[in-house]
Amino acid sequence: MEIRGTGIGQGVAVGPVVRMAEALPEPVDRPSHLDPEHEAERAKASLSVVAAELANRGAKAGGAAKDVLEAQAMMAEDPSLIDEVTKHLATGKTAERAVYEAFATYRDLLAGMGGYMAERATDLDDISQRVIAHLLKLPAPGVPNPGHPFVLVARDLAPADTAMLDLGQVLGLVTVEGGPTSHTAILAREKSIVAVVGAADAASLADGDTVIVDAADDLVIASPTAEQVAEANARIAERAALEAAPVTPGALADGTAVPLLANLGSASGAAEALKLGAEGVGLFRTEFLFLDADTAPSVREQQEHYTRLLTAFAGKKVVARVLDAGADKPLSFLNSAHEENPALGLRGIRALRHSEIILREQLTALAEADAATDAELWVMAPMIATVEETRYFTALAKELGIRVAGVMVETPSAALVADRVLAACDFASIGTNDLTQYTMAADRLLGTVANLQSPWHPAVLRLIADVGAAGAELGKPVGICGEAAADPLLAVVLVGLGATSLSMSPSALADVRASLARYSPDDAKALARAALAAEGAAEAKEAAQAVATEITTARTAAS
Amino acid sequence: MVERTVRIGSTHGLHARPAKLFTQAVAASGSSVTLRKAGGAFVNAASILSVIAQGIDHGDEVTIVVDGGDEHAVLDQLVELLSTDHDE
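Below is a short write-up of the structure. For clarity, every value in this text was computed on a predicted model and none was experimentally measured.

1. Description of the overall build of chain A
Right, on to step 1. Of regular secondary structure, chain A possesses 21 helices and 16 strands.
Right, on to step 2. Scored against the burial criterion, the 559 residues of chain A give a buried share of 46%.

2. Here we look at the environment of Leu 124 of chain A
All names here are of chain A.
Right, on to step 1. Summarising the element assignment, Leu 124 is placed in helix 5 (residues 115-135).
Right, on to step 2. What makes Leu 124 buried here is the crowd of 25 C-beta atoms within 10 Å.
Right, on to step 3. In sequence terms Leu 124 and Tyr 106 are 18 residues apart; their C-alpha atoms lie 7.8 Å from each other.
Right, on to step 4. For Leu 124, the contacting residues outside a window of four places in its chain are Met 75, Phe 103, Tyr 106, Arg 107 and Leu 110.

3. Considerations on unusual backbone geometry
Residues and elements named next belong to chain A.
Right, on to step 1. Positive phi, normally seen in glycine, also occurs at Lys 137, with a value near 55 degrees.
Right, on to step 2. For Lys 137, the location among the structural elements is in the loop between helix 5 and strand 4 (150-154).
Right, on to step 3. Assessed through the 7 C-beta atoms surrounding it within 10 Å, Lys 137 is described here as exposed.
Right, on to step 4. A positive phi angle, near 60 degrees, is found at Met 383, a position not held by glycine.
Right, on to step 5. Considering the arrangement of structural elements, one finds Met 383 in the loop between strand 12 (376-381) and helix 13 (387-399).

4. Considerations on the environment of Val 176 of chain A
Residues and elements named next belong to chain A.
Right, on to step 1. By the secondary structure assignment, Val 176 is in the loop between strand 5 (170-175) and helix 7 (183-191).
Right, on to step 2. Note: C-alpha distance between Val 176 and Arg 155 (21 residues apart in sequence) is 4.7 Å.
Right, on to step 3. For Val 176, the contacting residues outside a window of four places in its chain are Arg 155, Ala 199, Ala 200, Ala 202 and Ala 203.

5. Describing the interface of chain B and chain A
Right, on to step 1. Facing the 14 residues of chain B at the interface are 16 residues of chain A.
Right, on to step 2. Listed by contribution, the elements that provide at least two residues to the side of chain B that touches chain A are helix 1 (16-29) and helix 2 (48-52) of chain B.
Right, on to step 3. Its residues assigned to classes, the side of chain B that touches chain A shows six nonpolar, six polar and two charged.

6. Here we look at the pairing of strand 7 (residues 210-214) of chain A
Along any regular strand the residues' side chains alternate between the sheet's two faces.
All names here are of chain A.
Right, on to step 1. Of all five residues in strand 7, four are buried, a share of seventy percent or more.
Right, on to step 2. The pairing of strand 3 (residues 12-19) with strand 7 spans five bridges and is classified as antiparallel. Paired with Pro 16 across the bridge in strand 7 is Thr 210.
Right, on to step 3. Where strand 7 meets strand 8 (residues 219-222), four bridges bridge the pair, whose relative direction is antiparallel. If you follow Val 211 over to strand 8, its bridge partner there is Ala 222.
Right, on to step 4. Connecting strand 7 to the antiparallel partner strand 8 that follows it, the hairpin turn spans four residues, and Asp 218 within it adopts a positive phi of roughly 55 degrees.

7. Quick notes on the packing of helix 4 (residues 95-113) of chain A against helix 5 of chain A
Axis angle and axis distance: for two packed helices, these are the angle between their axes and the distance between the axes, and together they describe the pair.
Residue and element names in this part refer to chain A.
Right, on to step 1. Axis separation between helix 4 and helix 5 bottoms out at 7 Å; the angle between their running directions is 170 degrees. What the angle tells us is that helix 4 and helix 5 run roughly antiparallel. Facing Ala 95, Glu 96, Val 99, Tyr 100, Phe 103, Tyr 106, Arg 107, Leu 110, Ala 111 and Met 113 of helix 4, the residues of helix 5 in contact are Gly 115, Met 117, Ala 118, Arg 120, Ala 121, Leu 124, Asp 125, Ile 127, Ser 128, Val 131, Ile 132 and Leu 135.
Right, on to step 2. When its residues are assigned to classes, the contact of helix 4 with helix 5 shows 16 nonpolar, two polar and four charged.

8. Remarks on the pairing of strand 16 (residues 501-504) of chain A
Residues and elements named next belong to chain A.
Right, on to step 1. Burial along strand 16 is two-sided: Ser 501 and Ser 503 facing one way and Leu 502 and Met 504 facing the other are all buried.
Right, on to step 2. For strand 9 (residues 260-264) and strand 16, the ladder comprises three bridges, and the chain directions are parallel. Bridging from a neighbouring strand, Ala 262 pairs with Met 504 of strand 16.
Right, on to step 3. Relative to strand 16, strand 15 (residues 478-481) runs parallel, the two sharing three bridges. What sits directly across from Ile 480, in strand 16, is Leu 502.
Right, on to step 4. For the crossover that starts at strand 15, traverses helix 18 (residues 488-496) and ends in the parallel strand 16, the hand is right-handed.

Criteria and cut-off values
- Residues numbered from 1 in each chain as written.
- Chains lettered and ligands numbered in written order.
- Predicted model: local features only at pLDDT ≥ 70, side-chain atom pairs only at ≥ 80, totals over all residues.
- Helix = DSSP H or I, 4+ residues; strand = E, 2+ residues; numbered from the N terminus.
- Buried ≥ 20, exposed ≤ 12 C-beta atoms within 10 Å, placed from the backbone.
- Contact = placed C-beta atoms within 7 Å.
- Nonpolar A, V, L, I, M, F, W, Y, C, P; charged D, E, K, R; others polar.
- Pairing = 2+ DSSP bridges.
- Axes fitted to C-alpha atoms, helices over the stretch in contact; angles between N-to-C directions.
- Parallel < 35°, antiparallel > 145°, perpendicular 65-115°, else oblique.
- Right-handed = clockwise from strand over helix to strand, strands pointing away.

Given below as structure tokens:
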């Protein structure tokens, strides 16, 4: 059986399902039909079973986890807690209810103390749920720990659950709810876990079922055939080989170079990006230096940080974006006015121009860092809408010592006059997330319009094609920095539309590198033509996929 | 019955690991042990929940009362535990 969802990443996993049990409802407060002594025996038996389980898990875990779990085991058999349970049982309550109330008393006591004690209060909830589950002969709620590798199936994961996951044991994640921006999806992307989210029919999967989690094809296969399992295992081996393969520069099948760059939010991610084969940085976001600040950081502070990043990428290209504040990242010292539509308000270059001193200081710090290091620094401005803004930014950047100055194309207006914008600067980089939001008039943070937020939409692709054509005409680089570049198939389409470099989260580099190597420049153009001619986003993806399959099949047949 | 007052040595007070070590030692001693933070009421020292719920911090004064078993040896051992810094 095939269960549809949204795949995160390109991975495949095969393994037995372990379901995350739902939280138990509060036990009903009704008189027990057993006498208190009998209920006390039940309660004590379950408390000691849970205590033994926790102690056992602690012994297996070792280290700091051992102390925490041992302490929890002691709490389950705590003499004061048992006194409290006995007190409730004497009034004729059931063991479930007495356990629930006794733990709740201590939970409230600790929660009221705040700080470290309040954190322990959630431990008590967890132990309470385990004991009640044991009394009811139900599976324990919370993150399972079966002691073998497994595919976790959950309704959705809360941040606290994901923190408890033993990633060494999780082969894959399947959630019934949640979309591509859910907490689970973010975790999966960050940790490269094979995941399919929003798979509604996964609710029917049972513990022990073998499933194939196929993120690349957005599906989960229940009760797979032996052939399907063999095929999935072959793909897993292929991907492992791919990851182990030496990292080569990004290129198409004929050797045409397509530099693969990393999107970074601070200098600390540099080492990991380089390890994964980043040929430079295509988008260095500088916001983190300014966020949570009441005033802009000094030139010196900025320069130190930029120098650190540029030093890590000596001999390589680093594209820094000047401060992109406003909309979802407001900064009080730049724009404190309330706006009805911040996404359409004083943000990006508009806000910087309004407080030019901040822009001047940042450009000065960047130029000084560039002069002190061997990296090739390019600097670009966010939210450019006009040629006039382009001229303003490049003139100021050059005046302050920036050698290569360009713009981000995130607004349809900039894309529609791309030839004139590019004539006024050195390069363009397309921010596909914002370009999609503004082209489709769909707020990128709003789940209800998520169906309109695909960069595969031919309207978005058309604008990218215009920018690509203008770049080719003028001989100026057109990069892509946005989630779109991380999609291995869309990456080929983007190159076909004229992108000369692709920048993405470092974890996506290997898949995109492998995908590009399968197609020639003409193939990429054919994929792009098919996608551009489609009616909508889903159709564009299907059309590109069909052309891609045709090309790879023909090649396999010929060889 | 013997009792003594001691100052807590653990940097983070009688929480978490130090509380666990202490109540484990109490349970293993076989004696009946109660404990009181200066100004508070006596609680069962074998109960980790009661002990941590006292909110005992580094430098607080705590009185321990040991009843039954090898009272003096148990008291010495528990005082030693409480005055040591287990968070180092």
